[in-house]
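In case you want the letters, here they are:
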Amino acid sequence: MSSRSAINQHGTVLLVQLRYNYRVYPDTAQREALSRSFGCARVVFNDGLHLRQQAREAGEKYLSDGELSRRLITEAKATEERAWLGEVSSVVLQQALADLNTAYRNFFASLTGKRKGRKVAPPRFRSRKDNRQAIRFTKNSRFRVLDNGRLRLPKIGDLDVRWSRTLPADPSSVAIIKDAAGRYFASFVVQTAEDETLPEADSEVGIDLGLTHFAVMSDGTKVAAPKFLRRAARKLKRLQQDLSRKQRGSQNRKKAVVKVARAHARVADTRRDWQHKLSTRIIRENQAVYVEDLCVVGLGRTRLAKSVHDAGWASFTGMLEYKAARYGRTFARVDRFFPSTRMCSACGRINENMALDIRAWDCPCGAAHDRDVNAAINVKAAGQADFNDRGAQARPGLVPAPRGEAVTHPDVACSTRSVEGISVL
Ligand SMILES: [Zn+2]
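A brief look at the structure comes next.

Quick notes on the rules
Residues numbered from 1 in each chain as written. Predicted model: local features only at pLDDT ≥ 70, side-chain atom pairs only at ≥ 80, totals over all residues. Heavy atoms only, no water. Pairing = 2+ DSSP bridges. Helix = DSSP H or I, 4+ residues; strand = E, 2+ residues; numbered from the N terminus. Contact = heavy atoms within 4.5 Å. Axes fitted to C-alpha atoms, helices over the stretch in contact; angles between N-to-C directions. Donors = N, O, S within 2.8 Å, 3.2 Å for Na, K, Ca; no water. Tetrahedral: all angles 85-135°; square planar, octahedral: opposite > 155°, others 65-115°. Buried < 20%, exposed > 50% of the residue type's maximum accessible area, 1.4 Å probe, protein only. Patch = residues over 30% accessible without salt bridge, like charges linked within 9 Å, V, L, I, M, F, W, Y side chains within 5 Å. Areas by Shrake-Rupley, 256 points an atom, 1.4 Å probe, with all protein chains shown as cover. Salt bridge = Lys/Arg side-chain N within 4 Å of Asp/Glu carboxyl O.

Here we look at the sheet that holds strand S13 (residues 330–334)
Strand pairing in a sheet takes place through backbone hydrogen bonds and is either antiparallel or parallel in direction. Taken in spatial order, the 5 strands make up an open sheet running S11-S10-S9-S12-S13, and their pairing is mixed. Each of the sheet's edge strands pairs with one partner strand only, and the pair in question is strand S11 (222–223) and S13. Across the sheet, helix H5 (residues 251–285) lies against strand S9 (203–208), strand S10 (215–217), S11 and strand S12 (286–292), angled at about 125° from S12, the strand it touches most.

Some remarks on the coordination of the zinc ion
The protein atoms that coordinate the zinc ion are Cys-344 (SG), Cys-347 (SG), Cys-363 (SG) and Cys-365 (SG), at distances of 2.3 to 2.4 Å. For the zinc ion, the 4 donor atoms in the first shell make angles of 107 to 114° at the metal, so the coordination geometry reads as tetrahedral. Donor residues for the zinc ion, ordered by position in the chain, follow C-x2-C-x15-C-x1-C. One end of the pair, Cys-344, is in the loop between S13 and strand S14 (360–362); the other, Cys-363, is in the loop between S14 and strand S15 (368–370), and 19 residues separate them in sequence. Judged on exposure class, the residue Cys-344 and its partner Cys-363 are both buried.

Some thoughts on a nonpolar patch on the surface
A contiguous nonpolar patch, built from Tyr-62, Phe-108 and Leu-111 and spanning about 310 Å² of accessible area, is present on the exposed surface. Looking at the secondary structure, you find Leu-111 in helix H3 (residues 90–111).

Thoughts on unusual backbone geometry
Of note in the backbone geometry, Arg-142 takes a positive phi value of approximately 60° without being a glycine. Position of Arg-142 among the secondary structure elements: in the loop between strand S3 (133–138) and strand S4 (144–145). Assessed through its relative accessible area of 69%, Arg-142 is described here as exposed.

In structure tokens:
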């Protein structure tokens, strides 16, 4: 479950958007209809991106959303090359353009500095080879959950849904997602005005995201990635090696690709579950949570790549962020250039560069430090100082819904969020 919440400066929750995901099992005809819809949404998205890029290169003004919709949906359907757009729900096509607009808005906001945090990449073309395909239906498409528990989607049919928990309210939209392992999910957005603010907690915590442990807390707690997760990751690695030995275009290679995708999905699921439990616990126990702002993709280019990506810090800190907003806690990232490791948390002295293998050190002031715990204490102190400086301003006005929790764009330094506007599992 994920959330997007608007909080005013008094800390009152105005509106909370919750996301509920369920596995769905389309039959053959429905899978074909879905694949058609994914394809049409992709084409409209790409046409829109293409038109806007052309307009920019020609020095023309930015095409309005209405103009784009008229040309790429209404008028396009009347042409021979795009007549097939009429075979899918027009809401799906409108939503594809809405995704494009969101991607542009985020990109511009990031360029002008209105959007804080990591840089957002410009929208990029979607491909049929993308790991995830997604379409979205809003209220006015008249999608419906039937009395028999099936989900009725226009021009798709009545889908079989595994209701792993009940929807708390009427959903305002539903996205249908197909992941790399070929599984389908329905992701409902439900809006509630429910105030979920937790009673105030006494403690605050700083977290150091390290390589020897997944996370080390300022109170001395060290959290290692669980064994079952490491085992699953090892198995995935083996399957990937198998795959690399298969001949291109061969039947065996195709089979190996599916195996890798399945194992990958399993690792991602397991890791997500584990991270959800951990982040919920940290948010419940602490009034404020501070983490170091890591440029995960940047780090990922170095020799540490493998362990960094396996660790999945970006998705984890994303969870902390939206859960903090949802439960009325403080969450802040501390500047990643701040020397958290080398600074003595007792006297403030900054010591010389430290090799990665030094796990404990003594400061001339007499303090004995565990490397990671010392760093976490520094992160906490820096976060508290930052937060007090900014005061009430530091409260997030709008917290981005966590999207693509494990998705990274290797081509764009420091962008760890999907910019296409579709929030995925
Ligand atoms: Zn010291």
